[in-house]
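One letter stands for each residue in the lines below.
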Amino acid sequence: AQKITQTQPGMFVQEKEAVTLDCTYDTSDPSYGLFWYKQPSSGEMIFLIYQGSYDQQNATEGRYSLNFQKARKSANLVISASQLGDSAMYFCAMREGSYSGGGADGLTFGKGTHLIIQP
Amino acid sequence: DTGVSQDPRHKITKRGQNVTFRCDPISEHNRLYWYRQTLGQGPEFLTYFQNEAQLEKSRLLSDRFSAERPKGSFSTLEIQRTEQGDSAMYLCASSARGEQFFGPGTRLTVL
């Protein structure tokens, strides 16, 4: 079974609209971390937001927020007021295991969602 | 620039040749990761160092692949006897607190 599932291969969204990118995950470890990265066409992976499994509140970073629903094993990324520069690939990723101030294991990534913002 | 750097950015080689890539992490980061990304896929974890110790290796890391981080600073990833299936983007990342910061990658093309 896939550990990270992103069911939207591609999305077209009008500029200034809000966007929700879906991510579900599968783990039996009670301690884990969830990450979202953006990869523009230039290729670099840009860290956007992090949510720990024990965090009580949903993470927010500027226009990015993470809709964390632990019981559903869902960690959707919400981008408010989308901009043309948001067009990119978006990857959800998970790190399993205890987290005590530093990531231990490598990240497991989903297949990504290609987001295109239209003017 | 204090981000993760990788060298070279592009490498074209013939099948059977050996190649070596270098990664310089963010200076205060003690953890360093290598990933491989093929077209249309997310990155796949290869290996991880904490300081100079290689603590984890993926099953993707065949015996033709070797990685080192001799002084706990920069790291090298060597691929021996390259195959066409090795063509991919090789990404390096470093971390101190959890978030992994990625370099620009080395794109390998094996002819």
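In the block above lies the structure referred to throughout.
Residues numbered from 1 in each chain as written. Chains lettered and ligands numbered in written order. Predicted model: local features only at pLDDT ≥ 70, side-chain atom pairs only at ≥ 80, totals over all residues. Heavy atoms only, no water.

> Now, about the state of the cysteines: what can you tell me, with residues and values included?
Within the structure shown, the criterion is met by two disulfides over all chains. For A:C23, the disulfide goes to A:C92, at an S-S distance of 2.0 Å. Between A:C23 and A:C92, the S-S torsion sits near -60°, and that sign places the bridge as left-handed. Placement of the pair is A:C23 in the loop between β3 (19–21) and β4 (24–25) and A:C92 in strand β10 (residues 88–96), with a sequence separation of 69 residues. Across the disulfide, B:C23 is cross-linked to B:C92 (sulfur-sulfur distance 1.8 Å). Classification of the bridge connecting B:C23 and B:C92 rests on its S-S torsion, roughly -65°, and on that basis the disulfide is left-handed. In this pair, B:C23 is assigned in strand β3 (residues 19–24) and B:C92 in strand β9 (residues 88–95), connecting sequence segments 69 residues apart. With a relative accessible area of 0%, B:C23 lands in the buried category. (Disulfide = S-S within 2.5 Å. Helix = DSSP H or I, 4+ residues; strand = E, 2+ residues; numbered from the N terminus. Buried < 20%, exposed > 50% of the residue type's maximum accessible area, 1.4 Å probe, protein only.)

> So what's going on with the environment of A:V13? Residues and values would help.
Structurally, the position occupied by A:V13 is in strand β2 (residues 10–14). Leaving out residues up to four positions away in the same chain, A:V13 has contacts with A:A18, A:V19, A:S82, A:L115, A:I116, A:I117 and A:Q118. (Contact = heavy atoms within 4.5 Å.)

> Got a sec to walk through the interface of chain A and chain B? Specific residues and values, please.
Facing the 17 residues of chain A at the interface are 18 residues of chain B. With both sides pooled, the region where chain A packs onto chain B buries about 1600 Å², and carbon together with sulfur makes up 51% of that total. Put simply, chain A and chain B have zero salt bridges between them. One can count four residue pairs in polar contact (both at pLDDT 80 or more) joining chain A with chain B. No other element matches the three residues that strand β5 (residues 32–39) of chain A contributes to the side of chain A that touches chain B. In terms of residue class, the side of chain A that touches chain B is made up of nine nonpolar, six polar and two charged. (Buried area = accessible area lost by both parts, 1.4 Å probe. Salt bridge = Lys/Arg side-chain N within 4 Å of Asp/Glu carboxyl O. Polar contact = N/O pair within 3.5 Å; in protein donor to acceptor, adjacent residues only side chain to side chain. Nonpolar A, V, L, I, M, F, W, Y, C, P; charged D, E, K, R; others polar.)

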